[in-house]
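Structure at a glance
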Amino acid sequence: MALIVLEGIDGSGKSTQLRHLCAHMDTLGRDYTRLVFPQYDKPSSALLRMYLNGAFGSDPGAVGAHAASTFFAVDRYASYKTVWGEAYAAGGTILTDRYVSSNAVHQGSKLFGAEREVFFRWLDEFEHGLMELPRPDIVLYMDVPIEIALENVRTRRAETGAAADIHEAGEAYLRACAETAKDAAAFYGWRFVRCAAGGKMRPEQEIHQEILGIIKTAGLI
């Protein structure tokens, strides 16, 4: 069994790289389960949708790190119990865009200094210990300079017409998340994938091949 997580701030290319990874698995004829969190179309995401849509305050800081984390954790728990838990227990490969690591990045950004590390420990015990969600075999963090990520988000919104949620709307918040990710990666042992060079995104296939190399070296596919 393998649980492989692609993590990163908005505009980092997680969705694109998950698509490439799934296509690779299809080419190999390998079975896998594809996940994307949050599950916006499921009842389990009700509270996190209210939070992201500003029902509890237009600033992410209006809801504390621990309370907000529970909204996203419940959505993951529901998914684990109803969608992929049996496949994982049977030895399946799980590929996911975001996971527990997203709480570390987004909610950890609300805390500073020693409080942030205390939160990281609490989050691990809460989601992996008390809620019994499997720990990932590897977390690949899509590292993109904030200016490029913001431009990618703006381009996506222009193309889709989607409104920004409270996480996406604040540049200062996204910058804080990018900085928090460095602390989280060091604490949890994530692997960084540098997705930009020379002030622009690297080619998709180049990033994909690097991701494949890391995963193969780890013996996960």
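Now for a look at the structure at hand. Just so you know, the residues in each chain are numbered from 1, in the order the chain's sequence is written. In keeping with the model being predicted, local features are shown solely for residues with a pLDDT of at least 70 and side-chain atom pairs are shown and tallied solely at 80 or more, while totals for entire chains, interfaces and linings include all residues. Side-chain measures here rest on the full set of heavy atoms in the structure, leaving out hydrogens and waters.

Section: the side chain of glutamine 107
Note the threshold: Only runs of H or I of at least four residues qualify as helices and only runs of E of at least two qualify as strands under DSSP, and these elements are numbered from the N terminus. Residue contacts are defined here by distance: any two heavy atoms, one from each residue, within 4.5 Å place the two residues in contact.
By the secondary structure assignment, glutamine 107 is in the loop between helix H4 (100-106) and helix H5 (114-130). Setting aside residues up to four positions removed in sequence, glutamine 107 forms contacts with Tyr51, Gly64, Ala65, Ala68, Ser69, Phe72, Ser102, Phe119 and His167.

Let's talk about the nonpolar core
Filter applied, for reference: To define a nonpolar core, start from buried Ala, Val, Leu, Ile, Met, Phe, Trp, Tyr and Cys residues and group those joined through side-chain atoms within 4.5 Å. Exposure categories follow from relative accessible area, calculated using a 1.4 Å probe and restricted to protein chains: below 20% of the type maximum is buried, above 50% is exposed, and the middle band is partly exposed.
If you look at the biggest cluster of nonpolar residues, it comprises 57 residues, and the most contacted ones within it are Ile9, Trp84, Tyr99, Leu140, Trp190 and Val193. Take this core: its biggest share by element is seven residues, from helix H8 (residues 171-188). With residues near it in sequence (within four places) discarded, tyrosine 99 still touches Leu3, Val5, Glu7, Phe37, Arg76, Trp84, His128, Leu133, Pro134 and Pro136. Within the second largest apolar cluster, eight residues are counted, among which are Leu48, Tyr51, Leu52 and Ala68.

As for the packing of aromatic side chains
Threshold: For Phe, Tyr and Trp, where Trp contributes only its six-membered ring, two rings pair if their centres lie within 6.5 Å, and the inter-plane angle classes them as stacked under 30 degrees, edge-to-face over 60, or tilted in between.
Tallied over the full model, the rule gives 16 aromatic pairs. With 6.0 Å between their ring centres and 80° between their planes, tryptophan 84 and tyrosine 88 make a pair best called edge-to-face. A residue pair is termed a helical-turn pair when its members lie 3 or 4 positions apart in one helix, as tryptophan 84 and tyrosine 88 do in helix H3 (residues 65-89) at four residues. A residue is classified by how much of its surface remains accessible, and tryptophan 84, at 0% relative accessible area, is buried. Seen in terms of ring centroids, tyrosine 141 and phenylalanine 192 are 4.9 Å apart; in terms of plane orientation they differ by 40°. Their pairing is tilted. Of this pair, tyrosine 141 sits in strand E4 (residues 138-143) while phenylalanine 192 sits in strand E5 (residues 191-194), and the two are 51 residues apart along the sequence. Pairwise contacts between aromatic rings join Phe119, Phe120, Trp122, Phe126, Tyr141, Phe187, Tyr188, Trp190 and Phe192 into one cluster.

Overview of the pattern of salt bridges
Condition: Put simply, a salt bridge is a Lys or Arg side-chain nitrogen that is within 4 Å of an Asp or Glu carboxyl oxygen.
Applying the stated rule across the entire model yields 12 salt bridges. Between arginine 116 and aspartate 183 there is a salt bridge, with its nearest N and O atoms 2.8 Å apart. In this pair, arginine 116 is assigned in helix H5 and aspartate 183 in helix H8, connecting sequence segments 67 residues apart. Judged by its relative accessible area of 10%, arginine 116 is buried. Two residues, arginine 121 and glutamate 117, come together in a salt bridge whose shortest N-O distance is 3.0 Å. With arginine 121 and glutamate 117 both in helix H5 and four residues apart, the pair spans about one turn of that helix. The exposure class of glutamate 117 is partly exposed, given its relative accessible area of 39%. One network of salt bridges, with partners in common, ties together Glu147, Glu171 and Arg175.

Overview of H5
Just so we agree on the cut-off: Each residue after the first adds 1.5 Å to the expected span of a helix. Each C-beta atom gives one direction from the helix axis, and the arc is the one those directions make.
Helix length check: H5 (17 residues) gives 23 Å between terminal C-alpha atoms against 24 Å at 1.5 Å per residue, within 8%. Among the residues of H5, those classed as buried are Arg116, Phe119, Phe120, Leu123, Phe126, Glu127 and His128. Angular distribution of buried residues about the axis of H5 spans 155°; they occupy a single face of the element. For H5, the exposed residues set more than 90 degrees away from the buried face come down to Ala114, Val118, Arg121 and Leu130. Against the buried residues of H5 lie H3, H4 and H8.

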